[in-house]
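Each chain, written out:
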Amino acid sequence: MEGDLTMLIRSSYWGRTNGDGEVTWGPGISQALHIKNEWEKERAFGIPSLDKVYTSPLTRALKTCDIAFNCSKKYHPSIPILVVENCREENGVYTYDKRRSRTYIRNHFPSFSIEDGFSEEDLLWHPDIRENKIQMAVRAQSVLEMIFDEEPPVTLYNGFAHSTAFLLDVCLTIHGGLINAFLSVLDCPKMSLPTGSVYPVVIRRYKS
């Protein structure tokens with residue numbers, strides 16, 4: 001038990017720093033390569049082409065998105081990728097949840113689009129205040145509304161009747177905490193997903 005407590009204390013301490021003086025914290029790329037390879041394999045079985053990718057602005061997610069999708073031009077020749085502030089992980093306190101500047105993102109990921117209103121510096125991260133689950137759910141809801149509001153509907157005809165629907169295949173390159181915020185908004189069971197997982201969700205939205 002003492003060892004577990006020591007580990008938690010150390011994790012809390014190092015999570016608030018940007019390195020240990022020798023190494024700056026950062027992710028590997030093996031999980032991103034796994035997503036890329038598995039996605040390309042599924043093409044042979046008819047997995048739909050993506051209409052759009054929305055990604056977190058945190059560097060680890062941007063790199064994952066770049067490797068998994070942007071480098072797969074053979075399969076996704078014109079897929080648009082949009083960096084969205086509200087797609088970030090649970091925010092505050094820990095330095096690994098603080099994003100880089102808009103200029104950094106634009107320079108290092110030049111093929112990505114950045115949403116309007118995206119500030120130069122990270123104005124949301126706070127060194128002493130951690131975002132709670134309710135606030136994350138509000139963010140997740142806002143992202144869903146943005147996706148449905150900005151993408152045009154498709155009119156489906158069935159004989160003389162017709163209905164308007166959204167037929168979109170989109171990907172969100174996001175984080176475990178935010179994934180569960182989305183699932184809570186969608187009234188789905190909470191999931192504990194390993195890093196580099198792909199979790200499919202079908203959403204049907206009715207508009208009056």
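Each remark here, short or long, concerns the structure printed above.
Everything in this summary refers to the structure shown in the same document. (Residues numbered from 1 in each chain as written. Predicted model: local features only at pLDDT ≥ 70, side-chain atom pairs only at ≥ 80, totals over all residues. Heavy atoms only, no water.)

**Thoughts on the pattern of salt bridges**
Next, step 1: This structure, assessed with the given rule, holds ten salt bridges.
Next, step 2: Across the pair Glu85 and Arg99 runs a salt bridge whose closest N-O atoms are separated by 3.0 Å. With a gap of 14 residues between them, Glu85 in the loop between strand S2 (81-83) and helix H4 (102-108) and Arg99 in the loop between S2 and H4 connect regions that are remote in the sequence. The residues Glu85 and Arg99 share a single accessibility class, namely buried.
Next, step 3: Between Glu90 and Lys133 there is a salt bridge whose closest N-O contact spans 3.2 Å. Here Glu90 is found in the loop between S2 and H4, whereas its partner Lys133 is found in helix H5 (residues 133-150), with 43 residues between them in sequence.
Next, step 4: Taking the relative accessible area as the measure of exposure, Glu90 reaches 15% and is therefore buried.
Next, step 5: Each of the salt bridges in this network shares a partner with another, and the network as a whole consists of Arg60, Glu90, Asp97, Arg130 and Lys133. (Salt bridge = Lys/Arg side-chain N within 4 Å of Asp/Glu carboxyl O. Helix = DSSP H or I, 4+ residues; strand = E, 2+ residues; numbered from the N terminus. Buried < 20%, exposed > 50% of the residue type's maximum accessible area, 1.4 Å probe, protein only.)

**What to know about the sheet that holds strand S6 (residues 170-173)**
Next, step 1: Across the sheet, which stays open at both edges, the four strands sit in the order S3-S2-S1-S6 with parallel pairing between neighbours. The open sheet has two free edges, formed respectively by strand S3 (113-114) and S6, since each of these has just one partner strand.
Next, step 2: Relative to S3, S2 is paired through two bridges, and the arrangement is parallel. Each bridged residue has a counterpart across the sheet, and for Val83 the counterpart in S3 is Ile114.
Next, step 3: The strands touched by H5 are strand S1 (52-55), S2 and S6; relative to S1, the strand with the most contacts, the crossing angle is about 155 degrees. (Pairing = 2+ DSSP bridges. Contact = heavy atoms within 4.5 Å. Axes fitted to C-alpha atoms, helices over the stretch in contact; angles between N-to-C directions.)

**Remarks on H5**
Next, step 1: Taking 1.5 Å per residue as the helical rise, H5 with its 18 residues ought to reach 26 Å, and the 26 Å between its terminal C-alpha atoms agrees with that figure.
Next, step 2: Within H5, the full set of buried residues consists of Met136, Ala137, Arg139, Ala140, Val143, Leu144, Ile147 and Phe148.
Next, step 3: Tucked inside the fold, the buried residues of H5 contact S1, S6 and helix H6 (176-185).
Next, step 4: At the N-terminal boundary of H5, the capping side chain belongs to Asn132, with an oxygen 3.1 Å from the backbone nitrogen of Ile134. (Expected span 1.5 Å × (residues − 1). Polar contact = N/O pair within 3.5 Å; in protein donor to acceptor, adjacent residues only side chain to side chain.)

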